Amino acid sequence: MTSTTAAKRPAMVTFIAALIWVIAIFNVGFGVLMVLSPIGENPTVLNAAGGLTIEISTMYLLLNGLLSIVLGLIYVTISKMILIGSRSAQVVIQALAVINIIFGFMRLPYGWVPIALNVIALLIVSTSKANAWFRTAE
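To keep things clear, this report deals only with the structure shown in the data block. Residue numbers restart at each chain and count upward from 1, following the sequence in its written direction. At least 70 in pLDDT is required for a residue's local features to be given in this predicted model, at least 80 for side-chain atom pairs to be given and counted, and no such filter applies to totals for whole chains, interfaces and linings, which use all residues. To get the side-chain values, all heavy atoms of the structure are used, and hydrogens and water are removed first.

Description of a nonpolar patch on the surface
Reasoning step 1: Candidate patch residues must exceed 30% relative accessible area and have no salt bridge, after which like charges are joined if within 9 Å and Val, Leu, Ile, Met, Phe, Trp or Tyr side chains if within 5 Å. Accessible surface area values rest on a Shrake-Rupley calculation with a 1.4 Å probe, where residue burial reflects the displayed protein chains alone. Any Lys or Arg side-chain nitrogen located within 4 Å of an Asp or Glu carboxyl oxygen qualifies as a salt bridge. Together, Val 92, Leu 96, Val 98, Ile 99, Ile 102, Phe 103 and Met 106 line one region of the surface with nonpolar side chains, adding up to about 580 Å² of accessible area.
Reasoning step 2: The topology assignment puts Val 98 in helix H3 (residues 87-106). Strands are runs of DSSP state E lasting at least 2 residues, helices are runs of H or I lasting at least 4, and numbering of each runs from the N terminus.

Remarks on the packing of helix H1 (residues 11-36) against helix H2 (residues 58-84)
Reasoning step 1: Every angle, taken between N-to-C directions, lies between 0 and 180 degrees, and every axis is a line fitted to C-alpha atoms, over only the stretch in contact when it is a helix. Direction vectors running N to C along H1 and H2 enclose 160 degrees, while the axes themselves pass 7 Å from each other. Looking at the two axes, H1 sits roughly antiparallel to H2. Crossing hand, H1 versus H2: left-handed.
Reasoning step 2: Ten residues, namely Ala, Val, Leu, Ile, Met, Phe, Trp, Tyr, Cys and Pro, are considered nonpolar, four, namely Asp, Glu, Lys and Arg, are considered charged, and the remaining ones, Gly among them, are considered polar. Along the lines of polarity and charge, the residues of the contact of H1 with H2 split into 22 nonpolar, seven polar and one charged. The scheme is simple: roughly parallel for angles under 35 degrees, roughly antiparallel for over 145, roughly perpendicular for 65 to 115, oblique for anything else. In this scheme the crossing of two helices becomes right-handed for a clockwise turn of the near helix relative to the far one and left-handed for an anticlockwise turn of less than a right angle.

Observations regarding the layout of surface pockets
Reasoning step 1: Using a grid of 1 Å spacing that covers the protein atoms alone, one calls a set of points a cavity when a 1.4 Å probe fits there but cannot get out, and a pocket when the set is open and has protein on both sides within 12 Å along at least five of seven lines; lining residues are those with an atom within 4 Å of a point. Grid points are joined across faces, edges and corners, and a volume is the space filled by probe spheres set on the points. There is about 740 Å³ of room inside the largest pocket.
Reasoning step 2: Along its surface, the largest pocket is lined by 23 residues, and Ile 23, Tyr 75, Leu 96, Asn 100 and Asn 118 are the ones closest to its centre.
Reasoning step 3: Residue assignment for the lining of the largest pocket shows that the elements contributing at least two residues are H1, H2, H3 and helix H4 (112-125).
Reasoning step 4: Ranked by residues supplied to the lining of the largest pocket, first place goes to H3 with seven residues.

Right, here's the structure in full:
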């Protein structure tokens, strides 16, 4: 017997989808800024010693800007998949969270915040309510 009642999306799943939208907007916006930044003079940064300034190359800015825009568009797609309850969205989020946790350990001591946020996201999308939601699109 099949159920005709529609599953209700858990609030935390909606929160994750909204958070991914914010991240997507940030990535697209930052990517556009990076693509536009070579107009005029290229930006410069101080090296680790603090005395020598290094100019960021145009190719680096364009490539990273385009990749950031593409990543933002991928995040938009994942967020839409979350909102419709796609099982593959859950798997993608879990895989990305584990990858980000691993890279967070490589960036210690600055990696603690990304590690904590990705562990929280991993726990949220792995709850029983979230699992039930992600089975609705099958």
